[in-house]
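# Structural description and commentary
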Amino acid sequence: MPKYKTSEQVLSLMKDRTRVRNIGIIAHVDHGKTTTSDQLLAASGIISPKVAGEALALDYLSVEQQRGITVKAANVSLYHEVDGKGYVINLIDTPGHVDFSGRVTRSLRVLDGSIVVVDSVEGVMTQTETVLRQSLEERVRPILFINKVDRLVKELKLGPQEMMQKLLDIIKEVNNLINIYAEPELKEKWSINPSLGNVVFGSAKDRWGFSIPMAQKKGINMKHVIDAYSTTDKSKVNELAAQVPINEALLDAVIKFVPNPIEAQKYRIPKIWKGDLDNELAKSMLNADPNGPVVMMITDMKVDPHAGLVATGRVFSGTIRPGTEVWLVNAKAPQKVLQVSIYMGQFRELADEIPAGNIAAVLGLERARSGETLIDVRFKDLQGSFEKLHYVSEPVVTIA
Ligand code: GDP
């Protein structure tokens, strides 16, 4: 059952920043990205006051209602505890599966980690390779979720040994890709190792999942999985979901293996910032300094029927507040921030300020487009952006 958090509690974790993780889910089409996001949201632990009215009246109903909601928000903020400590996990929407417009790469820029979902029967497919390569190129650290393990029992009727072999083959393939596409100094550190806990086996649809350390701690093994699916009685599968909930398995792994924004920005900014690294802006981003000039990258623009255009993105430096004056690098225009909000579950709640390292939703940036870089207007002459700047010379039209 989710624990209810207030926006003050969420904001205070966001200010700490060692308690923040920014992640996305990437997958080949149909491998279970949507189902996995929905399950994480259903167990999110952050319920917006917008739905809390009903939630307080009838907890269970609210959770079931949330479960029925497919995540369409630009970002969903989740709450999870490990060893008694609370964390905010921003799950940022990455568009579609294969996308040639560069939108995938754009959204990868605001993530520090990714959950790579692979269907256990289909294994690594072309789009798995494409998105994994793209994320490694952006220095986004992967963890692996081998999904649809139920199919190995129900459809392929594998025994425990054969199941383990099939799963190990997938891990090997993913590690081969990491070995090919990760930068030399990251290859070893980022290769996945089931015994460490950065691989989760499970079924998003049936809401169970475990890493090897979690399975050992809870006394679960593949035989339990086979038993659960060897009967038509659904109660064994539900028991598994109660013993090893998928959200616990995935979010434990995220918190342990995905770096917090302070650690991540040190090595990610040199990769994703197209501009000088030696000026005040870049230095502040490298330190994820909440007291530095504001720099933010917008990854999503959506129209809210009540609020108007909502720009969602990551604050890489400074603290964004209502009234902050920013320069839109692509639009080459100044604009003033009217409102800032955080995500509570999939809903937005107003906030006074949002510091570097976090995801913010901003109102008032009518001229921004997805991919836009915002910088503190006082620093507008320092060239730099999260996307390559294209200087297009105007064609000269001569009229005879
Ligand atoms: P996406 O295209 O990656 O977002 O995939 P979806 O989450 O939409 O899932 C694709 C299909 O796989 C849907 O029909 C899901 O119900 C199904 N699916 C998702 N997770 C599981 C699972 O754990 N086991 C099985 N058997 N099917 C699943």
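The coordinates are above.
My aim in this report is to walk through the structure given alongside it, one point at a time. (Residues numbered from 1 in each chain as written. Predicted model: local features only at pLDDT ≥ 70, side-chain atom pairs only at ≥ 80, totals over all residues. Heavy atoms only, no water.)

## Re the overall build of the chain
A tally of helices and strands in the chain yields 15 helices and 19 strands. Taking all 400 residues of the chain together, 57% fall into the buried category. Long-range contacts, defined here as pairs at least 24 residues apart, represent 74% of the contacts in the chain between residues at least 6 apart. With an accessible surface of roughly 17,400 Å², the chain has 52% of that area assigned to carbon and sulfur atoms. (Helix = DSSP H or I, 4+ residues; strand = E, 2+ residues; numbered from the N terminus. Buried < 20%, exposed > 50% of the residue type's maximum accessible area, 1.4 Å probe, protein only. Contact = heavy atoms within 4.5 Å. Areas by Shrake-Rupley, 256 points an atom, 1.4 Å probe, with all protein chains shown as cover.)

## Section: the site of the ligand
Within the structure, the ligand sits among 16 residues, and Lys33, Thr34, Thr35, Asp150 and Ser203 are positioned closest to it. Interatomic distance of 3.1 Å between a side-chain N/O atom of asparagine 147 and an oxygen atom of the ligand. In the environment of the ligand, an oxygen atom lies 2.9 Å from a nitrogen or oxygen atom belonging to the side chain of lysine 148. Computed on the free molecule, the ligand has an accessible area of 580 Å², of which 75% lies beneath the protein chains in the complex. Where the shell around the ligand is concerned, the elements lending two or more residues are helix H2 (33-42) and helix H7 (150-154). In terms of residues, the shell around the ligand owes the most to one element, H2, which gives three residues. (Near = heavy atom within 4 Å. Polar contact = N/O pair within 3.5 Å; in protein donor to acceptor, adjacent residues only side chain to side chain.)

## Quick notes on the packing of aromatic side chains
How two aromatic rings sit relative to each other is given by the distance of their centres and the angle of their planes. Enumeration according to the criterion identifies six aromatic pairs in this entry. On the basis of an interplanar angle of 65 degrees and a centroid distance of 6.3 Å, the ring pair of tryptophan 190 and tyrosine 267 is categorised as edge-to-face. One end of the pair, tryptophan 190, is in helix H9 (residues 184-190); the other, tyrosine 267, is in helix H14 (residues 261-272), and 77 residues separate them in sequence. For the ring pair tryptophan 208 and tyrosine 229, a centre distance of 6.5 Å and an interplane angle of 45 degrees mean the geometry is tilted. A residue pair is termed long-range when its members are at least 10 positions apart, and tryptophan 208 in strand S7 (residues 208-210) and tyrosine 229 in helix H11 (residues 222-229) qualify at 21 residues. Judged by its relative accessible area of 11%, tyrosine 229 falls in the buried class. Through a chain of ring-to-ring contacts, the aromatic side chains of Phe201, Trp208, Phe210 and Tyr229 assemble into a single cluster. Stacked on the ring of tyrosine 87, the Lys or Arg arginine 19 has its end atom at 5.7 Å from the ring centre. A cation over an aromatic ring shows up here: lysine 380 above the ring of tryptophan 327, its NZ or CZ 4.6 Å from the ring centre. (Phe/Tyr/Trp six-rings, centres within 6.5 Å; stacked < 30°, edge-to-face > 60°. Lys NZ or Arg CZ within 6 Å of the ring centre and 35° of its normal.)

## What about H2?
In terms of burial, H2 is a largely internal element, eight of the ten residues being buried. Among the residues of H2, those classed as buried are Lys33, Thr36, Ser37, Asp38, Gln39, Leu40, Leu41 and Ala42.

## Considering the nonpolar core
Across soluble globular proteins, nonpolar side chains have a tendency to be buried as a group. In this structure, Ile115, Trp208, Phe210 and Val225 are the most contacted members of the largest nonpolar core, which totals 88 residues. Here the element with the most residues in this core is helix H13 (residues 246-257); it accounts for eight residues. In this view, valine 225 contacts Val149, Val153, Met163, Trp208, Phe210 and Leu240; residues no more than four positions away in its chain are not counted. (Core = buried A, V, L, I, M, F, W, Y, C linked by side-chain atoms within 4.5 Å.)

## A short note on the sheet that holds strand S3 (residues 85-92)
Two modes of strand pairing occur in sheets, parallel and antiparallel, and in both the strands are linked by backbone hydrogen bonds. Spatial strand order, S2-S3-S1-S4-S5-S6-S7: seven strands in an open sheet with mixed pairing. Across the chains shown, the open sheet's two edge strands, defined by having one partner strand only, are strand S2 (75-82) and S7. Strand-to-strand twist of the sheet, defined as the mean angle between neighbouring strand axes without regard to direction, takes the value 30 degrees. Here S2 runs beside S3; their pairing, made up of eight bridges, is antiparallel. Among the inter-strand pairings, asparagine 75 is bridged to a residue of S3, identified as isoleucine 92. Contacting strand S4 (113-119), strand S5 (141-147) and strand S6 (199-203), helix H8 (residues 160-181) runs over the sheet at an angle of about 155 degrees to S5. (Pairing = 2+ DSSP bridges. Axes fitted to C-alpha atoms, helices over the stretch in contact; angles between N-to-C directions.)

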